[in-house]
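# Tertiary structure, described
Read off the chains here:
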Amino acid sequence: MSDTKLSEAIKYERENEKNIPESERPGFHFTPRVGWCNDPNGFCYYDGKYHLFYQYHPYSPFWGPMHWGHAVSDDMIKWEYLPCAMAPDTEADNKGVFSGSAITLKDGRHLLMYTGVSSETQPDGKTRDIQTQCVAVGDGLTYTKYEHNPVITSKDMPEEYSKFDFRDPKLIYRDDGKLGVVLVTCNKDFDGRAIMFVSDDGFSWKFDREIIRNDRRFGTMWECPDYFTIDGKNALIVSPMEMLKEGYEHASGHGTVCLLGKDNGSQDGFDIEYAQALDYGMDFYAPQTLEMKDGRRALIAWMQNWSTSGSHSGNLKLYGQMTLVRELTYKEGRLYQTPLKEFESYRKNPVHIDNAVIAGETSLEGISGRHIDLDCTLDIDKADPCRAFKIKICADDKFDTTITYTPEDGVVTLDRKNSGVRFAGVHDCSCQIAPKDREHVSLRMIIDRNCVELYINGGAYVMSALINTPVEADKITFSADKNTKVNIEKYDIA
Ligand code: FRU
């Protein structure tokens, strides 16, 4: 093994990060140290710090041979960059160090498991990329790849599964105390499967079982599984490719679903009680979770996806970012997401407006900005509801992004068609609030320079979207076609 590629990456990021002024990054949304990032990887708590690794191509703002970038944090709100942790520099991963996860071994060492991509000549003489699972061991700063990588290959699993799409290991401790790893693959028809391997030491692995097969219910092939228990329910999060739109529940393209139910531990033994889109916005994919030191379940995701990340001129020093870290809770048959409560200590300059009555279009004193946490609670008059309530954010004479609520059907729509996007694609997204919750609707928007996360009704629904509008466009207006009451709480975030 040569570590030249890794030292080159470390040197490159150190020298080039200086060229990126802080003002070109969002304030709280994690961005790569330089270049490109996609999925969060190895999201974990280890040795007194929270760690975030990420799919990383330092050398350009485009996807390329994958490395793992690395950062640490005390509160998961502000992150500190550490040197790049892994580069594609061994036989098993010379075409890319793809997504994976991290866990603490019983002897205290930190184990990373990732998908190694390499070329293999096929029986027909053609060369194709195959995917295997590899490990590296470290101390939270430097990592050494295991000399006998890969530790799991297609030879270790039933033949019906694909070795070309076999990736994204999520390490867990199982109830029986053994190490488990949840992976995704597919059958010959590109239909997703989540499978599990088991190990005593993290290095020697045996196929355990198929947890669940997709059977075309959620897209085709799946990516980036996560698997945990929340409030007594088993949860399996996957990011399906090629989703079909289903009412308001899933948009077409790349999406993320959370399957909640009971996993009885047998072959295909995961019974889905219900499935929910994790985020209804345009820019959300490949989330990972961890258990916080106080037991809370935290989630972070790539704030983009393969349907939305394609188009930019290349004239950028960095591209790609993560969502805020969110806490997951389970309430009344739904998974809720809220920004970590630690985020609140970064809020300044509160502005409260009680019982503002909106009719026509208006701005409100003190309510504007591109680095703000803004919560608007609508009080809909049941007897005489407005047809539509609109909030325009990141607005000026030319641009805006509009959030619309229509009480009659409970639909919230986020529309960024007018935000200055330069590529064709889906630029609006919607979700539908349950009938019982349609009169008191809270819309909490965290606007962080070039993006917004919209948390609806305490996080029962969330929408994430990038907004590439010039930062000078910082106006906010409210409008309704009939008198509508709204309570507002706004903070600057810094
Ligand atoms: C998901 C994904 C993973 C893969 C990685 C490659 O966004 O396609 O399945 O490991 O990105 O960068």
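Refer to the preceding data block for the structure.
Now for a look at the structure at hand.

Rules used in this analysis
- Residues numbered from 1 in each chain as written.
- Predicted model: local features only at pLDDT ≥ 70, side-chain atom pairs only at ≥ 80, totals over all residues.
- Heavy atoms only, no water.
- Pairing = 2+ DSSP bridges.
- Helix = DSSP H or I, 4+ residues; strand = E, 2+ residues; numbered from the N terminus.
- Axes fitted to C-alpha atoms, helices over the stretch in contact; angles between N-to-C directions.
- Expected span 1.5 Å × (residues − 1).
- Buried < 20%, exposed > 50% of the residue type's maximum accessible area, 1.4 Å probe, protein only.
- Arc of directions from axis to C-beta.
- Contact = heavy atoms within 4.5 Å.
- Phe/Tyr/Trp six-rings, centres within 6.5 Å; stacked < 30°, edge-to-face > 60°.
- Lys NZ or Arg CZ within 6 Å of the ring centre and 35° of its normal.
- Core = buried A, V, L, I, M, F, W, Y, C linked by side-chain atoms within 4.5 Å.

This next bit is on the sheet that holds strand β10 (residues 179–186). Spatial ordering of the open sheet is given by β9-β10-β11-β12, a layout of four strands whose pairing is antiparallel. One side of each edge strand has no neighbouring strand; the edge strands of this open sheet are β9 (166–173) and β12 (205–213). Direction aside, neighbouring strands of the sheet carry axes that sit 25° apart on average. The pairing of β10 with strand β11 (residues 192–199) spans eight bridges and is classified as antiparallel.

Here we come to helix α1 (residues 4–16). Here α1 is 13 residues long and its end C-alpha atoms lie 18 Å apart, about the 18 Å a rise of 1.5 Å per residue gives. Listed in full, the buried residues belonging to α1 are L6, A9 and E13. Seen from one end, α1 has its buried residues packed into an arc of 60°, which puts them on one side. Buried residues belonging to α1 abut β2 (49–57), β3 (67–73) and β4 (80–86).

This paragraph deals with the packing of aromatic side chains. A complete count under the given rule lists 22 aromatic pairs for this structure. With 5.4 Å between their ring centres and 50° between their planes, F53 and W68 make a pair best called tilted. With a gap of 15 residues between them, F53 in strand β2 and W68 in strand β3 connect regions that are remote in the sequence. The exposure class of F53 is buried, given its relative accessible area of 0%. When its relative accessible area of 0% is taken as the criterion, W68 is described as buried. On the numbers, 6.3 Å between centres and 65° between planes, the contact of W68 with Y114 is edge-to-face. Of this pair, W68 sits in strand β3 while Y114 is found in strand β6 (residues 110–121), placing the two residues 46 residues apart along the sequence. Just as W68 is buried, Y114 falls in that class too. Through a chain of ring-to-ring contacts, the aromatic side chains of F30, Y54, Y56, W79 and Y81 assemble into a single cluster. R128 extends its terminal NZ or CZ atom over the ring of F164, reaching a point 3.5 Å from the ring centre.

Quick look at the nonpolar core now. One finds I393, L443, M445 and F478 to be the most contacted residues of the largest nonpolar core, which totals 43 residues. For this core, the element with the most residues is strand β31 (residues 475–493), which contributes five residues. Apart from residues no more than four positions distant in its own chain, M445 is found in contact with I372, D373, L374, C376, I391, I393, I403, V452, E453 and L454. Grouped together as the second largest cluster of nonpolar side chains are 33 residues, L6, F28, A87 and L324 included.

We now examine the environment of E342. Mapped onto the elements of the fold, E342 is located in the loop between β21 (334–339) and β22 (347–362). According to the relative accessible area criterion, E342 is partly exposed, its value standing at 22%. For the pair E342 and V325, spaced 17 residues apart in the sequence, the C-alpha separation amounts to 9.9 Å. Excluding residues that lie within four positions of it along the chain, E342 makes contacts with D75, I77, M292 and R296.

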